Amino acid sequence: QQMLIGINRNHHLHRRRFSVGHEIGHLLLNHPPEIACNSAEIILYDREADECASELLMPEELLAPMARKVSGIEQLSRMFQVSVQAMERRLNRLEEESL
């Protein structure tokens, strides 16, 4: 079965990258097509795909050492080519996991 990921070229680079990561997340996690899901499943699967995209674009092995060296979230965001919001969420998630 062939899959196609469509991306809006008018969106910011960071959003396009995250969108591709999100869709790859659905594939890696073997999520069913959205049409086969109820609204609660769609919300769950989208959260899982977002988490997968975050891990793909900002892997802990690269992010953790850089976070100790770099002076702020904006600089980290530029380095990983993600939005500040995506970076904040990823850093918060990693902090939660380390507690």
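Residues numbered from 1 in each chain as written. Predicted model: local features only at pLDDT ≥ 70, side-chain atom pairs only at ≥ 80, totals over all residues. Heavy atoms only, no water.

Draft legend 1. Molecular detail of the confidence of the model for the chain. Overall, the predicted model of the chain reaches an average pLDDT of 95, with 100% of residues at or above 70. At the level of individual helices and strands, the chain shows its lowest average pLDDT in helix H5 (residues 84–98), which scores 93, and its highest in helix H2 (residues 39–57), which scores 98. (pLDDT = per-residue confidence, 0-100. Helix = DSSP H or I, 4+ residues; strand = E, 2+ residues; numbered from the N terminus.)

Draft legend 2. Spatial organisation of the nonpolar core. The biggest cluster of nonpolar side chains holds twelve residues, and these are Phe18, Ala53, Leu57, Met58, Leu63, Val70, Leu76, Phe80, Val82, Ala86, Met87 and Leu94. Contributions of two or more residues to this core are made by H2, helix H4 (73–80) and H5. Counting residues per element, this core draws most heavily on H5, which supplies three residues. Contact partners of Phe80, with chain neighbours within four places excluded, come to Arg17, Leu57, Met58, Pro59, Leu62, Leu63, Met66 and Met87. (Core = buried A, V, L, I, M, F, W, Y, C linked by side-chain atoms within 4.5 Å. Buried < 20%, exposed > 50% of the residue type's maximum accessible area, 1.4 Å probe, protein only. Contact = heavy atoms within 4.5 Å.)

Draft legend 3. Focus on the pattern of salt bridges. In total, this model carries three salt bridges according to the counting rule given. The salt bridge partner of Arg90 is Glu51, with a shortest N-O separation of 4.0 Å. In this pair, Arg90 sits in helix H5 while Glu51 sits in helix H2, placing the two residues 39 residues apart along the sequence. The exposure class assigned to Arg90 is buried, which follows from its relative accessible area of 4%. Measuring nitrogen to oxygen at the nearest pair gives 3.4 Å for the salt bridge that ties Arg93 to Glu97. Here Glu97 and Arg93 lie together in helix H5, a separation of four residues that amounts to about one turn. Take Glu97: its relative accessible area is 46%, and that puts it in the partly exposed class. One salt-bridge network, in which partners are shared between bridges, spans Glu51, Arg90, Arg93 and Glu97. (Salt bridge = Lys/Arg side-chain N within 4 Å of Asp/Glu carboxyl O.)

Draft legend 4. View of the environment of His14. Mapping His14 onto the fold places it in helix H1 (residues 13–28). Non-local contacts of His14, meaning those with residues more than four positions away in its chain, are made with Gln81, Val82 and Ser83.

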